[in-house]
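Chain by chain, the residues:
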Amino acid sequence: MGDSQTWTAAPSAAEHARSVLAASWSCAVTAEGGREEFVGAHTVAEDGWVTLDVPEDSTLVAAAICAPRGEPSAVLEFADAAPVPVRSRIRARLWIAGWFVPVDGRLEFKATRVVLRRPSGAVVVDLDEFAAAAPDPLATAEARLLTHLADCHPDAVERLTRLVDADSLHGAVRVQPLAVDRHGLTLRIERAHAHGDVRLPFHAPADDVARLTERMHVLLSQASAASCPRALQRQRTDRDG
């Protein structure tokens, strides 16, 4: 396949939900006993089933024992936060409703409903699709990759704005990498009182970091061949003056 950007796929809701789950380190649990926050306490099986390792005195243990079996009695919440400092850092939220089953000192969570909320709105994820989906192959490395791009290669980020329509850059005061997955890179364009996101699709999926590096080189080559957006040219002139 050539370098022309013809690959426009994006993660499905189920894949996005599994990616949020795979990358999350913390989890909030709302149950009859109240709301508790856990850090580094959950594990995820290949089919997306969540297990919590909680203290014996946690109210969740009592709630799990007392709750009617098979009836939804708790909601797990996972937040997908951008690793790079931007406005509105929460990119998505994942809620999983269901009930806990105590097993060997741990709590296994049986899901009955999965909801993913993105900027475009909330969607109910089919349970079978959720179980069958795999996290994006870059999900667990995304934070490191985006932080490195923003901190060590701001010139590359600015060059990539040449691939963005000039109207989208009007009034821009800062551009930061917001997200990356196997299908493309998303830039956050911040203005004085608002912001917007622009997606730069890869010409082919990047199923590992090595392929991602090649896809980014293609985007940067395309950007180098493009003219500098007038919106940024005006900003440079204003700063230089």
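This text follows the structure it describes.
Conventions adopted
- Sequence positions are assigned chain by chain, starting from 1 and proceeding in written order.
- Local features in a predicted model are, by the rule used here, given only for residues with pLDDT of at least 70; side-chain atom pairs are given and counted only at 80 or more, and totals for whole chains, interfaces and linings are based on all residues.
- Excluding hydrogens and water, the side-chain figures rest on all heavy atoms present in the structure.
- Only DSSP runs of H or I covering at least 4 residues are called helices, and only runs of E covering at least 2 are called strands; the numbering of each starts at the N terminus.
- Under the scheme applied here, a residue whose accessible area is under 20% of the maximum for its type counts as buried, over 50% as exposed, and between as partly exposed, the area being computed with a 1.4 Å probe on protein chains only.
- Any two residues whose heavy atoms approach within 4.5 Å are treated as being in contact.
- For the area figures, the Shrake-Rupley method with a 1.4 Å probe applies, and any residue is considered shielded solely by the protein chains shown.
- Basic side-chain nitrogens of Lys or Arg form a salt bridge, by our definition, when they fall within 4 Å of a carboxyl oxygen of Asp or Glu.
- Here, a strand pair is defined by DSSP locating no fewer than two bridges between the strands.
- Under this scheme, a helix contributes an axis fitted over its contacting stretch, all axes are lines through C-alpha atoms, and angles between N-to-C directions fall in the 0 to 180 degree range.
- Expected helix span is taken as 1.5 Å per residue step, with the number of steps being one fewer than the number of residues.
- Distance and chemistry together define a polar contact, namely a pair of N or O atoms within 3.5 Å, with one atom able to donate a hydrogen and the other to accept it when in protein, and with adjacent residues in sequence counting only for side-chain atoms on both sides.

Undergrad: I tried to follow the overall build of the chain on my own but got confused; where do I start?
TA: What the chain contains, in helices and strands, is seven helices and eleven strands. Looking at the chain as a whole, 42% of its 241 residues are labelled buried. A sequence separation of at least 24 residues applies to 55% of the contacts in the chain between residues at least 6 apart. Per element, the accessible surface of the chain, about 12700 Å² overall, is 52% carbon and sulfur.

Undergrad: Teacher, can you tell me more about the pattern of salt bridges here?
TA: The tally for this structure, following the rule as stated, stands at twelve salt bridges. For Glu108, the salt bridge goes to Lys110, with nearest N and O atoms at 3.4 Å. For Glu108, a relative accessible area of 27% corresponds to the partly exposed category. Of the charged contacts in the structure, one is a salt bridge between Asp208 and Arg211, with a shortest N-O distance of 2.5 Å. Arg211 sits in the partly exposed class, given a relative accessible area of 41%. Within this structure, Arg35, Glu37, Glu77 and Arg93 form a network of salt bridges that share partners.

Undergrad: Please clarify how the sheet that holds strand E11 (residues 195–201) should be interpreted in this entry.
TA: Spatially, E9-E10-E11 is the arrangement adopted by the three strands of the open sheet, whose pairing is antiparallel. Two strands close off the open sheet at either side, each with one partner strand: strand E9 (172–181) and E11. Strand-to-strand, the axes of this sheet are offset by a mean angle of 25°, without reference to chain direction. Its contacts with the sheet place helix H4 (residues 142–152) against E9 and strand E10 (184–191), and it is angled at close to 150° to E9.

Undergrad: How should unusual backbone geometry be read in this particular structure?
TA: The phi angle of most residues is negative, glycine excepted, and most peptide bonds adopt the trans form. The residue Ser88 is not glycine, and still its phi comes out positive at about 50°. The residue Ser88 is located in the loop between strand E5 (74–81) and strand E6 (90–103) in this model. The exposure class of Ser88 is partly exposed, given its relative accessible area of 48%.

Undergrad: Would you mind going over the pairing of strand E8 (residues 121–125) with me for this structure?
TA: Regular strands have side chains that alternate between both faces of the sheet. The sheet contact formed by strand E7 (residues 106–118) and E8 spans five bridges and is antiparallel. Across the sheet, residue Leu116 finds its bridge partner in E8, namely Val123. Linking E7 back to E8 in an antiparallel pair, the connection comprises two residues.

Undergrad: In this structure, what is going on with the environment of Val29? I would like to understand it.
TA: Topologically, Val29 is positioned in strand E1 (residues 26–31). On the basis of relative accessibility, which here comes to 0%, the residue Val29 falls in the buried class. In this structure, the C-alpha to C-alpha distance between Val29 and Phe78, residues 49 residues apart in sequence, is 9.2 Å. Discounting chain neighbours no more than four positions away, the residues touching Val29 are Gly34, Arg35, Glu36, Phe38, Leu52, Leu60, Ala74, Val75, Leu76 and Phe100.

Undergrad: What is the right way to read the side chain of Ser19 from this model?
TA: Structurally, the position occupied by Ser19 is in helix H1 (residues 13–23). Excluding anything up to four places from it in sequence, Ser19 contacts Pro135, Asp136 and Ala139.

Undergrad: What is the right way to look at helix H6 (residues 209–225) in this model?
TA: The periodicity of an α-helix, 3.6 residues per turn, causes residues three or four places apart in sequence to face the same way. Between its terminal C-alpha atoms H6 stretches 24 Å, which fits the 24 Å expected from 17 residues at 1.5 Å a residue. The set of residues buried in H6 consists of Leu212, Arg215, Met216, Val218, Leu219, Leu220 and Ala223. Tucked inside the fold, the buried residues of H6 contact H4, helix H5 (154–160), E9, E10 and E11. You can read the cap of H6 off the contacts: a side-chain oxygen lies 3.2 Å from the backbone nitrogen of Ala210, and it is on Asp208.

It is worth stressing that arrangement in space is one thing and function is another; only the former is reported here.
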